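Results of the structural survey
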Amino acid sequence: MKKKTVVPMIVFLVGICLMGLFTYHTNSQIQNNQRTLALMNAKTYGQQIEDDLENGVGITNSLEQILINSDGQVHDFSKIAKYVMSSSIQSVQLAPNGVVTEIYPENGNETGKIDLLNDEKRSEISNYAKKYHTTITQGPFELKQGGSGIAIRNPVYLEDESGQECFWGFTIVIVRVPKVFEDSTNALSKFRYTYRLSKQESPWNKKYKEVYASTDKMIQPESYDFIVGQEKWKLEVMPKDGWNHTKEVSLVLVCGMIIVLLLTILTKVLLLLDERRIELKELAHKDGLTKLYNRYGFDELADKMLSKNPQAHYIAAMLDVDDFKIVNDMYGHEYGDRALISLAKSMQEFFPTTALLGRNGGDEFCILLPGHDKELLIEFTKLPKTFTYQGQTYSFTISLGYAEYPDNASERSQLMRCADAALYEVKLHGKNGCMAYKEGLQSGVRKQLGFVLNDISENLPGAFMIYKADKSDDEIFYANKEFLDKAGYENLDALFKGTKKSFRNLIREDQQESVEASIWHQIESGSEDDYIHYHLRKADGTYILVLDQGRIVESDRLGRVFYVLFMDWQGMQEHYGTKFGEKDV
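This write-up is about the structure you can find in this document. In this text, all values refer to a predicted model and were calculated from it rather than measured experimentally.

A look at the pattern of salt bridges
Two side chains that carry opposite charge are able to pair once their charged atoms sit near each other. Applying the stated criterion across every chain, the model contains 20 salt bridges. Ionic pairing is found between Asp473 and Lys468, a salt bridge with its closest N-O pair at 3.3 Å. Residue Lys468 is classed as partly exposed on the basis of its relative accessible area of 23%. Note that Lys501 and Glu475 form a salt bridge whose closest N and O atoms lie 3.1 Å from each other. Linking Lys501 in the loop between helix H14 (492–499) and helix H15 (512–524) with Glu475 in the loop between strand S17 (463–468) and strand S18 (476–479), this pair joins segments that are 26 residues apart in sequence.

In structure tokens, the structure reads:
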């Protein structure tokens with residue numbers, strides 16, 4: 001009798017325990033899935049809100065370019081402003097010297113003509129934007145016309161006759177809240193999410209201020225942070241019904257022993273996992289930096305395109321950025337990334353939507369173009385390419401090789417090898433060009449041409465430096481390790497800080513004028529090279545006597561620069577005797 005009672009009781013208790021564990025696991029999984037979906041929605045619509053606000057920033061940047069190109073004068077401002085207006089924009093404004101003088105539309109916005117740099121509510125953040133050369137947002141604030149708005153102010157700087165940068169004023173866009181991002185908020189409401197959009201009150205005040213919200217109650221929401229101008233923004237999202245699903249959990253507890261319900265729950269979980277797998281598969285096909293197809297995604301889609309229309313004509317192209325490793329070595333990887341993003345964007349804007357665009361990795365891109373229009377590739381290669389970083393614009397060039405299907409190859413991998421061989425040939429002929437594949441060109445793995453700057457500079461038999469060839473602005477761009485060791489600097493940043501990035505500050509003070517005069521006299525006399533010795537100031541304030549051998553060259557990116565080798569003058573005298581004389585500068 002005990003066995004008949006105890007065993008069923010044990011089975012019952014074990015079943016209850018297992019059911020409890022199963023219910024707990026199921027509840028945790030539901031919450032995790034909810035949070036995953038909520039985070040994805042926060043990121044998706046947060047990025048969309050960021051893009052909506054960046055459209056306003058883009059308008060101020062466009063007005064800035066017009067002012068720069070027209071030396072601070074804007075003709076037909078109303079026509080220009082009318083062209084960029086949309087339902088989410090309250091007004092477009094110009095504020096020369098910080099005073100708003102031009103507003104479109106003017107009707108109803110007359111009260112907006114104020115002195116931003118001295119106004120009680122606007123002066124502090126406007127002066128911050130002016131001082132730090134940065135776009136700022138301010139608001140939300142009540143509009144005189146009703147509703148709320150956010151001001152986007154972009155400080156504009158022009159060069160005067162002496163080449164010095166001077167403050168012109170502000171280009172301004174006032175966007176309506178919540179009209180500017182109502183597509184995103186409507187979508188979140190449709191998917192039964194509550195939300196709250198906040199921003200920092202100012203670049204120096206880390207406290208967040210609510211911009212717009214569907215509710216004031218948020219319990220452990222998922223959030224997405226982004227930056228517009230200099231202020232951080234935050235979109236918080238959570239389900240309207242909260243994170244707990246009491247009904248589902250109760251249903252599992254009550255009907256946990258029913259196989260059909262277990263299968264239903266498992267099916268639901270599997271469907272959620274499958275949905276997540278599809279999303280991850282899509283992400284696996286895209287390049288995170290440029291948003292083009294990565295190599296795996298490009299190859300897969302290219303094979304599908306060729307197999308779907310095997311009789312059609314296609315052009316495959318391989319291209320890369322000329323001297324990309326030097327760009328990274330000279331400026332840093334952030335500059336290189338900017339160049340790659342700019343190139344990808346120009347590809348998307350230039351080529352038709354039928355073209356398949358991808359990034360193989362590094363600075364190498366690929367294109368599969370339906371049809372016979374080879375002129376597109378030639379035109380794209382010649383198209384000027386630039387990128388902007390930290391307020392400066394840099395130019396770069398590309399090399400491109402292409403091959404045709406089915407004329408040069410019968411399948412995708414062979415076609416891309418032919419295009420790669422053509423690209424290799426362009427590199428051998430001086431880069432910055434476009435070339436078609438021809439029979440006999442070497443295909444296969446393309447070798448890296450030349451050495452990178454770091455390889456060369458770090459192995460030169462002497463200290464080496466590059467600085468700007470400008471009498472009033474001799475900015476130091478680069479120095480190799482041997483120079484840093486010789487001058488007693490720990491790294492390049494320490495050199496920049498110790499010299500304020502000026503070559504002049506490396507010369508002993510009493511020799512500065514004579515040394516610079518001698519260098520420029522030699523250059524202006526028609527020579528590309530200059531030779532002079534002087535006392536070089538070290539990091540600790542002591543001096544060493546060096547021989548400076550410089551060459552002035554024209555750089556596509558930097559203008560005129562000096563490439564300089566420094567040799568130990570005393571060591572040369574000791575080694576070569578009296579050949580170099582004894583007199584100091």
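Picking up where we left off.
A word on the side chain of Lys385
Assignment of secondary structure puts Lys385 in strand S13 (residues 385–389). Notably, Lys385 is buried but unbridged: the nearest opposite-charge side chain belongs to Asp322, and the N-O separation is 8.9 Å. Side-chain polar atoms of Lys385 contact the backbone oxygen of Phe380, separated by 2.5 Å. Among the polar contacts listed, one links the side chain of Lys385 to the backbone oxygen of Thr381, at a separation of 3.3 Å. In this structure, Lys385 is in contact with Leu343, Phe380, Tyr394, Ser395, Phe396 and Ile398, ignoring residues within four places of it in sequence.

A look at the nonpolar core
The biggest cluster of nonpolar side chains holds 41 residues, and the ones touching the most others in it are Leu53, Leu197, Phe226, Trp233, Leu235 and Val237. In terms of residue count, the dominant contributor to this core is helix H1 (residues 2–69) (nine residues). Excluding anything up to four places from it in sequence, Leu53 contacts Ile152, Val175, Val180, Phe226, Val228 and Trp233. By size, the runner-up hydrophobic cluster in this structure holds 29 residues, among which are Ala317, Tyr335, Phe365 and Leu377.

Quick word on the sheet that holds S18
The five strands lie next to each other as S18-S17-S21-S20-S19, forming an open sheet whose pairing is antiparallel. Where the open sheet ends on each side, the last strands, each with one partner, are S18 and strand S19 (529–537). Between one strand axis and the next, the sheet turns by 25° as a mean value, whatever way the strands run. Packed onto the sheet, H15 meets S17, S19, strand S20 (543–555) and strand S21 (559–568) and runs at close to 170° relative to S19. Strand contacts of helix H16 (residues 569–576): S19, S20 and S21, with the helix running at about 50° to S21, the strand carrying the most contacts.

Some details on the sheet that holds strand S15 (residues 398–405)
Strand order across the open sheet formed by five strands is S11-S12-S10-S15-S16, with mixed pairing between neighbours. In the strand order of this sheet, the two ends are held by strand S11 (356–361) and strand S16 (434–436), each with one partner. On average, each strand axis in the sheet is tilted by 20° relative to the strand beside it, whichever way the strands run. Of the strand pairs in this sheet, S15 and S16 are connected by three bridges, and their pairing is parallel. Bridged to Tyr402 within S16 is Ala436. Helix H7 (residues 295–308) contacts strand S10 (314–321), S11, strand S12 (364–370) and S15 of the sheet and is inclined by roughly 140° relative to S11. Relative to S15, helix H10 (residues 375–382) is tilted by about 175°, and along the sheet it contacts S10, S12, S15 and S16.

Describing the packing of helix H9 (residues 333–350) against H10
It is at 12 Å that the axes of H9 and H10 come closest, and there the two elements cross at 140°. Taken as a pair, H9 and H10 cross one another with a handedness that is right-handed. Where H9 abuts H10, its residues Leu343, Ser346, Met347 and Phe350 lie against Leu376, Glu379 and Phe380.

What about the packing of aromatic side chains?
Evaluation of the coordinates by the stated rule reveals 21 aromatic pairs. With a centroid separation of 6.1 Å and 15° between ring planes, the pair formed by Phe226 and Trp233 is classed as stacked. Between Phe464 and Tyr563, the ring centres sit 6.0 Å apart and the planes meet at 45°, which makes this aromatic pair tilted. Of this pair, Phe464 sits in strand S17 while Tyr563 sits in strand S21, and the two are 99 residues apart along the sequence. What makes Tyr563 partly exposed here is its relative accessible area of 34%.

Overview of the pairing of S20
Pairing of S19 with S20, which is carried by nine bridges, proceeds in the antiparallel orientation. Bridge assignment links His535 to a residue of S20, and that residue is Leu545. Adjacent in sequence and paired antiparallel, S19 and S20 are bridged by five residues, among which Gly541 carries a positive phi angle near 90°. Here S20 runs beside S21; their pairing, made up of 10 bridges, is antiparallel.

Cut-offs applied
- Residues numbered from 1 in each chain as written.
- Predicted model: local features only at pLDDT ≥ 70, side-chain atom pairs only at ≥ 80, totals over all residues.
- Heavy atoms only, no water.
- Salt bridge = Lys/Arg side-chain N within 4 Å of Asp/Glu carboxyl O.
- Buried < 20%, exposed > 50% of the residue type's maximum accessible area, 1.4 Å probe, protein only.
- Helix = DSSP H or I, 4+ residues; strand = E, 2+ residues; numbered from the N terminus.
- Lys, Arg positive; Asp, Glu negative; His and termini not counted.
- Polar contact = N/O pair within 3.5 Å; in protein donor to acceptor, adjacent residues only side chain to side chain.
- Contact = heavy atoms within 4.5 Å.
- Core = buried A, V, L, I, M, F, W, Y, C linked by side-chain atoms within 4.5 Å.
- Pairing = 2+ DSSP bridges.
- Axes fitted to C-alpha atoms, helices over the stretch in contact; angles between N-to-C directions.
- Left-handed = near helix turned anticlockwise from the far one by under 90°.
- Phe/Tyr/Trp six-rings, centres within 6.5 Å; stacked < 30°, edge-to-face > 60°.

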